[in-house]
Structure formats: C-alpha cells, structure tokens
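# Remarks on the overall topology
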Amino acid sequence: MFRFILISFLTLTGLLADGLKYDADGQLVRPENYRDWVFLGSGLGMTYGPAAVMSERPMFDTVFVSPESWKGFKATGKWPDQTVFILEIRASSSHGSINKAGYFPTDVVGIEAAVKDAKRFEGGWGYFDFPNTAPGEHVHSAKVLPKTASCYACHQTNGAVENTFVQFYPQALEIAERFNTLNAKYERPAPTPAKFYRSVVAEGWEKSARTLEAAYAKDPKGPLVQEESLNRLGYQFLASQRTGDAVAILEWTARTYPKSAVAQYSLAEALTSAGQVKRAAEAGAKACSLLVTDKSLDEARRKALTQECATRKGL
Ligand code: HEC
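About the cut-offs
Residues numbered from 1 in each chain as written. Predicted model: local features only at pLDDT ≥ 70, side-chain atom pairs only at ≥ 80, totals over all residues. Helix = DSSP H or I, 4+ residues; strand = E, 2+ residues; numbered from the N terminus. Rg over C-alpha atoms; globule rule 2.2 N^0.38 Å. Buried ≥ 20, exposed ≤ 12 C-beta atoms within 10 Å, placed from the backbone. Contact = placed C-beta atoms within 7 Å. Pairing = 2+ DSSP bridges. Near = placed C-beta within 6 Å. Core = buried A, V, L, I, M, F, W, Y, C linked by C-beta atoms within 7 Å. Axes fitted to C-alpha atoms, helices over the stretch in contact; angles between N-to-C directions. Domains from an automatic or database assignment. Parallel < 35°, antiparallel > 145°, perpendicular 65-115°, else oblique. Left-handed = near helix turned anticlockwise from the far one by under 90°. Nonpolar A, V, L, I, M, F, W, Y, C, P; charged D, E, K, R; others polar.

Moving on, we come to the overall build of the chain. Assigned secondary structure in the chain consists of 11 helices and nine strands. Over its C-alpha atoms the chain spans a radius of gyration of 26 Å, topping by over 25% the 20 Å that the globule rule assigns to 315 residues. Along the first, second and third principal axes, the C-alpha set of the chain runs to 80 × 45 × 45 Å. Looking at the chain as a whole, 29% of its 315 residues qualify as buried. In the chain, the proportion of contacts linking residues at least 24 apart, taken out of those at least 6 apart, comes to 51%.

Right, dumping it as structure tokens:
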C-alpha cells in the first residue's frame, strides 16, 4: 500500500523526471533503463569528415529518448525542457551464427548523453560522456562537458531540430515536418522514395517531376534517383493502378539511365499495361538490344531478361 502511494506520488509530481537525475554534485546520473526508452534511430558507421570512408568494423550509434519527452515531441514537434537523449555506441561484427554479409551490434563501447535543461545550461543544452571503466562497464555519473567540447558546435550547427539530429530519426523527422519545427538553416534533402510516392499521389506527376529533376541535379546517387528506387516506384504505381504515373516515372528512368536494359524492360511492361502496344514493343526491343552491352546487370537478371527476350521474340 505504502509502495503504491509512493509510486503514484512520484509519477504525479513528475519526480520520476523521466530519466533526468542529477546527483548531489550536480553530475548527471546515467539512466539505468534507457534501453526501455523510445528508440529514435540507429546509424551504422556514420562519418562526417570530408574524406571519410566507412570503416571495416563500423559502429552502431543507437539513439534513445525518454518516453515523456517523446510524448511532448509528438504533440508539438519540439523537445520539452528536461529531455534526455542517450547515444549508445556499439561495436559490430559480421562473423557469427548464420550471418553471411552485413553487420550486427555487439559490445557497448560508448555511452553519451544530451540534456535540454534551460535553467541549468547556458544555451539550453548540456552534453555528457560516460566513459568505460572496464569493458562493458561505464561510470555512473558524469560532469557536463565544457562549452569548448566539440559536441556543442557540431550539434548546434548541423542539428535539424534545435540541437538534435532529427534528420537521422525518420519518425521524428516526419513529426517535425508536420509541425514545421525544422531549423531554418537546415537544408531539406530530396524526399525519400515513399515521400515522393505520396507527393505524386497528392500533387500529380508534373509538379513531382520537377522535384525529381532537382534531386538528380543535386545528387545523382541520392536514394530517390537511383535506378533501383525509381524502378521499384514504377512497379508500385503499376500495382496500385496508377498506370499513367508508372509510365511517366519509368520513361524518366529510361531517359536518365539510357544504357539500362532493365529500365527499358520495365517501361515496356508499364506501356503494355497502359495499352500502348506499339511503344511497348519499341521499349521491349530496346531492352533486348541493350542486354548485350549493359554491364550493370547481375547474373540472375541477365538470365531472366535473356530468357524473356528469347521467348517473346524481342518482347
Ligand atoms: C561532427 C559532429 C558531431 C560531434 C562533434 C558530436 N556529435 Fe553527437 N551526434 C552527431 C550526429 C550526426 C548524431 C546523429 C546520430 C548518429 O550518430 O547516428 C549525433 C547524435 C547524438 C546524440 C543523440 C541526440 C541528438 O542530439 O540527436 C547524443 C546524445 C550525442 N550525439 C552526444 C554527443 C556528445 C556528448 C558529443 C561530444 C562528446 C557529440 N555528440 C559530438 C554529430 C556529432
């Protein structure tokens, strides 16, 4: 009974403070249960330097935020005062169990924190590091890092929402976009394929095509304009009976990737669905002739397309 009252008292007064606790010396106490918090995102081997390359053994950076703060963010697109973030850094391995390629996370090698606390920190934000004391063990509390620490400048200059890297947390990013709380200086990247799909549905092809052109001009290797993404979008439009949009995006793809047999083949399929028999045959014939020179095809695709061309006589 006593325990019940105590718990409800703490909850009601917010004294659980949702993970934020300082000790008597004003040091931040490392929250023990942050893995029960809300998962914002996980970066793998992210590097920020000019000539940075991904390491052979990339680290996983996983970001958690305290649950009450997340509720606040969902309601406003901003982080409430007293929000705590934990960045957990884990080593990775690609050797284990049935894994043949790719990485899975292993030991915790770093724990860092960011706290929004307007009363306590000049500028509103404090950054913390909880270094290792032994492998897998970390100090229990940490002093706020001095303003000269690299954390402050990088977060303030490059974070998309206040001091935080919401641009790398997809669900939070959607919320910030909805509430229009992205920092003015934050340069919005091209939409992801899913966002682009929704914009075509909402605004039509003509307007969206300009987005595509701009995205390609800015970064031809960006996630939206890679041939595979465009091709997949084409088939998604076909599957949802948006044949006109499918033809439009696959025409764009075929124009942008003129050496690609797959692009012509997909276009032929969309044109067939649209009842444009003659143009479909032309695209099909082009696919079959490109097959000889297209170096980008993997074996499985080459085999499938070769068979297709043989049986359908140039489609
Ligand atoms: C050169 C830029 C840079 C510096 C310097 C930097 N960070 Fe970050 N930080 C990032 C990026 C990018 C992310 C996004 C998540 C990731 O790493 O995958 C991030 C995420 C975080 C997060 C999760 C919450 C958020 O703000 O998005 C914490 C906590 C954090 N960093 C703490 C620190 C601390 C503590 C330091 C200093 C010891 C530091 N960072 C230095 C770039 C930086």
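Next up on the list: the pairing of strand 6 (residues 125-129). Of all the five residues making up strand 6, four are buried; the element is thus mostly covered by neighbouring parts of the structure. Pairing geometry for strand 5 (residues 104-116) and strand 6, over five bridges, is antiparallel. Note on strand 6: the bridge partner recorded for A114 is Y127.

Right, let's get into the site of the ligand. Not every one of the 23 residues close to the ligand is listed here, only the nearest: G43, D61, C151, C154 and F165. Elements represented by at least two residues in the shell around the ligand include exactly strand 3 (60-65), strand 4 (84-93), strand 5, strand 6 and helix 3 (150-158). Here the shell around the ligand gets four residues from one element, more than from any other, and that element is helix 3.

A few words now on the nonpolar core. F64, F85, I86, A113, V166 and A172 are the most contacted members of the largest nonpolar core, which has 32 residues in total. For this core, the secondary structure elements donating two or more residues are strand 3, helix 2 (67-76), strand 4, strand 5, strand 6 and helix 4 (170-179). When sequence neighbours within four positions are dropped, the list of residues in contact with A113 reads L28, V84, F85, I86 and F128. Ranked by size, the runner-up nonpolar core spans 31 residues in total, among them F196, I249, A254 and A263.

Phi at Q82 takes a positive value of approximately 80°, unusual for a residue other than glycine. Of note, Q82 is situated in the loop between helix 2 and strand 4. One non-glycine residue, S97, adopts positive backbone phi at about 50°. The residue S97 is located in the loop between strand 4 and strand 5 in this model.

Of all six residues in strand 3, five are buried, a share of seventy percent or more. Sheet analysis places strand 2 (residues 38-44) next to strand 3, joined by six bridges and oriented antiparallel. What sits directly across from G41, in strand 3, is V63. With six bridges joining them, strand 3 and strand 4 adopt antiparallel strand pairing. Opposite F64, over in strand 4, you have I86 as the bridge partner.

Strand order in the open sheet formed by five strands is 2-3-4-5-6, with antiparallel pairing between adjacent strands. Strand pairing shows two members of the sheet lacking a second neighbour, strand 2 and strand 6, which therefore form its edges. Averaged over all neighbouring strand pairs, the angle between strand axes comes to 25°, with direction disregarded. With nine bridges joining them, strand 4 and strand 5 adopt antiparallel strand pairing. In the sheet register, F85 faces strand 5, and the bridge partner there is A114.

Looking at the chain, the domain boundaries give domain 1 (19-179) and domain 2 (193-311). Its C-alpha centre places domain 1 at a distance of 39 Å from the equivalent point of domain 2.

Tracing the sequence through the fold places K195 in helix 5 (residues 193-203). Spatially, the C-alpha atom of K195 lies 27 Å from that of L297, the residues being 102 residues apart in sequence.

A few words on the environment of F179. By secondary structure assignment, the location of F179 is in helix 4. Residues F179 and R302 lie 123 residues apart in sequence; the distance between their C-alpha atoms is 47 Å. Setting aside residues up to four positions removed in sequence, F179 forms contacts with T76 and G77.

Attention shifts here to the packing of helix 7 (residues 227-239) against helix 9 (residues 261-273). At their nearest, the axes of helix 7 and helix 9 sit 11 Å apart, and the two run at 15° to each other. Regarding the angle of helix 7 to helix 9, the classification is roughly parallel. As helix 7 runs across helix 9, the sense of the crossing is left-handed. On helix 9, the residues that touch E227, N231, G234 and L238 of helix 7 are V262, A263, S266, A270 and S273. Across the contact of helix 7 with helix 9, the residue classes tally to four nonpolar, four polar and one charged.

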